[in-house]
Amino acid sequence: MSGTVTLQDVADHAGVSRATASLVLRETGRVSQQTRQRVAESMQTLGYVYNRGAASLRTQTANTIGVVVTNIASPFFGELLHGLETGLTDSGYLPLLVNTGDDPHRQREAIRKLREHQVAGLALVPATGTSPSLIDELKVWGLEHVLMTRYIKDVDAPYVGADDVVGGRLAATHLIEAHECQTIAYLGGLPAILSRTDRTKGVKEALKRSGRDASALIDIPGAVNSVSGLDLGQRLIEAGPLPDGIICHSDSIAFGLYRALRIHGLGTSTKVIGYDNIGGAALWEPPLTSVDTKGEALGRRAARMLLERIQEPGSPASIDKTIPQLAVRQSCGCQ
């Protein structure tokens, strides 16, 4: 056949009514298995493709979930998205991914476009500086949503992420108690990122518990990628004696830091802990000790929470926080 194959063409080919072909397509109604098989074979023979865009216009819904992240190149977000997609696999929904570059203005435009595609829900990693008014707008629009890995301060919104205060405290406590570190640096992460605020809060709590004061923490903010880790590492080295231990805002920053240390022949001169425990952390040299936030599992749980909210719109916001664990390897001085 030439041109677009319609459902009527399929019905004619299978020798059934268009209504019956529609029931087969939507997997509903009382249709014999033999008829279903005949219609399915006609679809395959004719090359029929279901126009879900047209269907969404009729039903005012879509089979897509909007997914908004700040940095699609981040290995951690790659694991998060893999978990999210896995969690959506059996639901009939497909993720429609957009990248904001951590820019609230790009984020607003991206969400506007996703609304035009009539997405059924939204899984969002909020850009730094996101206004609380965004959540108010999502509620007014009736667009069910879940925030992932980052929350918005003083906002009642569904959230799935790690307890970063615990994560920071866990890393610092290990450096203090297992390796007797007197000075600790926290490397990377922009000051406005709430996860950074929470993690450094945990580090300070660990220092205080050990009897050390705030001067024991060297706080150096910066972008969250390997190139930034290299630059921050160079600055730390040039500033003088290295601290006894360094906690990096991400594993990617730790990778860049190690490059700087090796350039200066200081590869084993300090103890290093990364954050997120991405797949490559264990393959690094030395294998990287890292705070494990279980990114893939977070993605699966975010998918489950969002699907539950789509099924029960307007239900109370729930908070799902992972308690991180420390994946101990050689970079922190453990053997």
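A brief look at the structure comes next. The residue numbering used here restarts from 1 in each chain and proceeds along that chain's sequence as written. In view of the model being predicted, local features appear only for residues whose pLDDT reaches at least 70, and side-chain atom pairs are presented and counted only at 80 or more, with totals across whole chains, interfaces and linings using the full set of residues. Water and hydrogen atoms play no part in the side-chain values, which are based on all heavy atoms of the structure.

This brings us to the overall build of the protein. Secondary structure summary: the protein contains 12 helices and 12 strands in total. The quantity called the radius of gyration is restricted to C-alpha atoms. Its globule counterpart is 2.2 Å times the number of residues to the power 0.38. The globule rule puts the C-alpha radius of gyration for 335 residues at 20 Å, and the 25 Å found for the protein is more than 25% above it. Counting only C-alpha atoms and orienting by the principal axes, one finds that the protein spans roughly 80 × 40 × 30 Å. The rule is simple: take the accessible area with a 1.4 Å probe, protein chains only, and divide by the maximum for that residue type; under 20% is buried, over 50% is exposed, in between is partly exposed. Taking all 335 residues of the protein together, 50% fall into the buried category. Should any heavy atoms of two residues lie within 4.5 Å, those residues are considered in contact. Contacts spanning at least 24 positions in sequence make up 71% of the contacts within the protein whose residues lie at least 6 apart. Only DSSP runs of H or I reaching four residues or more are called helices, and only runs of E reaching two or more are called strands; each is numbered from the N terminus.

Before going further, it helps to examine the environment of T35. Mapped onto the elements of the fold, T35 is located in helix α3 (residues 33–46). Since its relative accessible area comes to 15%, T35 is described here as buried. In this structure, the C-alpha to C-alpha distance between T35 and T20, residues 15 residues apart in sequence, is 8.8 Å. Setting aside residues up to four positions removed in sequence, T35 forms contacts with V16 and T20.

On to the packing of helix α6 (residues 104–116) against helix α7 (residues 133–141), then. To define axes, lines are fitted to C-alpha atoms, for helices over the stretch in contact only, and angles between the resulting N-to-C directions are given on a 0 to 180 degree scale. At a minimum axis separation of 12 Å, α6 and α7 run at an interaxial angle of 10 degrees. In this view, α6 runs roughly parallel relative to α7, as classed from their interaxial angle. Touching Q107, R108, I111 and R115 of α6 are S133, L134, E137, L138 and W141, all from α7. Note on residue classes: Ala, Val, Leu, Ile, Met, Phe, Trp, Tyr, Cys and Pro are nonpolar, Asp, Glu, Lys and Arg are charged, and everything else, Gly too, is polar. Here the contact of α6 with α7 is composed, by residue class, of four nonpolar, two polar and three charged. Note on angle classes: values under 35 degrees are labelled roughly parallel, values over 145 roughly antiparallel, values of 65 to 115 roughly perpendicular, and the remainder oblique.

Attention now moves to the packing of aromatic side chains. Centre-to-centre distance and the angle between the planes together describe a pair of aromatic rings. Between rings of Phe, Tyr and Trp, where Trp is taken as its six-membered ring, a pair exists when centres lie within 6.5 Å; planes separated by under 30 degrees are stacked, by over 60 edge-to-face, and by other angles tilted. Here the structure, examined in full by the defined rule, presents three aromatic pairs. Ring geometry for Y151 against Y159: centres 5.8 Å apart, planes inclined by 85 degrees, an arrangement best described as edge-to-face. Measuring from ring centre to ring centre gives 4.3 Å for F255 and W284, while their planes differ by 20 degrees; the resulting arrangement is stacked. Of this pair, F255 sits in helix α11 (residues 251–263) while W284 is found in the loop between β9 (271–276) and β10 (289–292), placing the two residues 29 residues apart along the sequence. In this structure F255 comes out as buried when scored by relative accessible area, which is 14%. One cation-aromatic arrangement involves R115 over W141; the distance from NZ or CZ to the ring centre is 4.0 Å. Only when the NZ atom of a Lys or the CZ atom of an Arg is both within 6 Å of the ring centre and within 35 degrees of the ring normal do we say a charge sits over the ring. Between the NZ or CZ atom of R199 and the centre of the ring of Y275, over which it lies, the distance is 3.6 Å.

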